[in-house]
Amino acid sequence: MAGMFGLDLERLADDQLPTTVDIDSPLPPVRLRGRLQRQQFRSFSGVLSAAMPATTVTAFGQLDLAAPGGPAFIALMGATFPDPGLQLGLGFSLSGVGGVVGVNKRVDRDALIAAIADGTAGDLLFPPDPVKAALRVVPRLPALFPTAPGRIVVGPMFQVSWGDRMVSLSTAVMAEVPDPVRLSLLGILRVAVPDPAVPLIDLKATFAGQYDSAEPSAFLIASLTGSHMAGVPLDGDVLVLSRGGADSTFVLSAGGFHPAYPVPRGVPALHRLSMNLSPVPWIQLRCQAYFAVTSNTVQFGAQLSLVAEIADCGLRGQFGLDVLIHLEPSLSFTAQMRGSLAVEVFGETLMGVAFDLTLEGPAPWHAVGRGSIDLFLFSASFDFDQRWGNPPPALPTPPADLEARLREAFSRPDAWSAHPPTDLRRSPVLLSPSANRLIGDGSRVHPHGSLAARQRVLPFGVDIQRYGRSAVEPAERWDMASATLGAANATGGTTVDAFAPGRFFKRSDDELLGSPAFETYRSGVRLVADTSGPADGAFVRAGLDWETRIVQDPVSALRPDGLLRAVRIAALMESEQVAAAAGSVRDGHWWPAVAAGLRVAAEPPVVAADTWAMVAAGEPADAAVTPAELRRNLAGEPGMRAVEAWEVPG
């Protein structure tokens, strides 16, 4: 067989599939470029790009025919338009569109964060050189979109610019369905001033985010890798994380955290915000910084380093600052400062000075440090450890009235919430739409539902040693002793919520720093009047038969609007009555009373008479009347008819 596009068709016919196929086919006006790879016998991935005068179309994809749960594939497709793009008005233009489609796939959160850290995420969105980007992107597709039977990933991609591409945004929004629903975000935001071709300020933020409704949690991470300002390179990561559930936390960090802070679960290692201020090659001046806010701390710090050397002779120095502020149980901080400066000659220290100081406070103040001076012939050091000031004042007394606070909390309307039955099919009650709306608003309770009462003042079932800044001595323990709904015991379970331990327990600063910001405790009770569902024998199965009749419209020939409107209204009323009766086979609408077809009178309506008794008025009684005359005389009388004698039995 002859070859086509560089492929040996005879080997393909013998199932001798190549591992890699490179495509470069210039067929004016279209140029096809791409690469297809075979990882296993039934797993394929690759990239394909088609450049045309009006647009360039790029597609990344991965297909696994042997995946558990059926074939799985993921495809990212995008089309870019030449400058100036499709004008949208107000200086905005659409430079590219596309989409993401995946079957039996999901988005992996950790792999998405890793793609931001190493820059792979930027190559997924409208890359200028798709074939070159595929070398980094295609091997990461199985990790970014792992196989997940029954899951579907779908979403749009677009590229929007403003001010002649001075500001551009390339992003993909991906929805992962069915339940639990996850929304993932991937994008690149670039600000190039004054001209993207020769920018003086070029800020490039590659970002990714995800919202998970099951946990629930939401995070957004951005990296400034590849940015610079007036020739000064910029780098660093920014993260926002909010998580609920049993391990709830909130984190906002730019550049990382204090070295002594235990990083919460789900937070990756973040690069410091850094600037390289080196004016000439033999002077290296670099600055790093970070700032973070968590549930109970504020953190910030900076590090400045200097190296100015020629032939192993010059200066080396650094200065650092780390500050950790605790907000609970009381305001306190720890600040550590360090610095050093040395003159080196041929790699040896000729003279130098260094110090390390830690300051804690404010009540009491504690300063501890160490300093040293190094000369070519000798060195000297000194240490100090000083405390001053009064200890923190005693917590205000008397302690807080916890009973009053609990009563106030349970008296609030938002402390009560109504919940429908867990299985509506087991409830024999059928509610109207208006009743369902009232239950949805929380103003009514379903007859077989539940009512939850919860508070967020303090945790139940534990010893409360403090309440905020107030001491609780001796410790108090509060709990739900009993709950009734009407006259019956109504306890149907408990509710839980997240509480900050530092507000209720006496713990040291080190214990608070090393423990979770929030922990889960019981907060209320769920009220259920009858927790048992109806017995299976209470459900009656009945068949439903119906009869179809076609009735001709009796007024089809009449066209007055009033009569037609009346007929339509009557038909609508009949339909509404049928719909209302559809909920029960015992409704009287389905069993109308049968009209009587025959009625027997108590006495015969007529009596038989001979013709001799039928004489006309004014004639003698013995006058004879012929049957013909009798029929003629009775023709105009309603309800009377003349019959022959042989027609009357007996």
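Below you will find a few notes about this structure. The shown structure was predicted, so the numbers you read here are calculated from the model rather than taken from an experiment.

As a further point, take the overall build of the chain. If you tally the helices and strands in the chain, you get nine helices and 32 strands. Of all 650 residues assigned to the chain, the portion counted as buried reaches 31%. In the chain, of all internal contacts separated by at least 6 residues, the share reaching a separation of at least 24 is 50%. Of the roughly 39700 Å² that the chain leaves accessible, carbon and sulfur atoms contribute 61%.

Counting through the fold element by element, Asn104 comes out in strand β7 (residues 92-105). Leave out the neighbours within four places in its chain, and Asn104 touches Gly69, Gly70, Pro71, Ala72, Pro146, Thr147, Ala148, Pro149, Gly150 and Arg151.

Moving on, we come to the environment of Thr349. Within the secondary structure, Thr349 is located in strand β22 (residues 348-361). Expressed as a C-alpha distance, the spacing of Thr349 and Cys313, which sit 36 residues apart in the sequence, is 9.6 Å.

Once that is clear, we can look at the side chain of Arg243. Structurally, Arg243 is set in strand β15 (residues 237-243). A polar atom in the side chain of Arg243 sits 2.8 Å from the backbone oxygen of Arg265. Setting aside residues up to four positions removed in sequence, Arg243 forms contacts with Glu215, Pro216, Ser217, Ser248, Thr249, Arg265 and Gly266.

Before going further, it helps to spend a moment on the pairing of β15. Here β15 shows one buried face, formed by Asp237, Leu239, Leu241 and Arg243, and one open face, formed by Val238, Val240 and Ser242. Where strand β12 (residues 217-223) and β15 come together, seven bridges link them in antiparallel fashion. Along β15, the bridge assignment pairs Ile221 with Leu239. When β15 meets strand β16 (residues 249-254), the two strands line up antiparallel, connected through six bridges. Bridge pairing links Val240 to Leu252 in β16.

The rules behind these values
- Residues numbered from 1 in each chain as written.
- Predicted model: local features only at pLDDT ≥ 70, side-chain atom pairs only at ≥ 80, totals over all residues.
- Heavy atoms only, no water.
- Helix = DSSP H or I, 4+ residues; strand = E, 2+ residues; numbered from the N terminus.
- Buried < 20%, exposed > 50% of the residue type's maximum accessible area, 1.4 Å probe, protein only.
- Contact = heavy atoms within 4.5 Å.
- Areas by Shrake-Rupley, 256 points an atom, 1.4 Å probe, with all protein chains shown as cover.
- Polar contact = N/O pair within 3.5 Å; in protein donor to acceptor, adjacent residues only side chain to side chain.
- Pairing = 2+ DSSP bridges.

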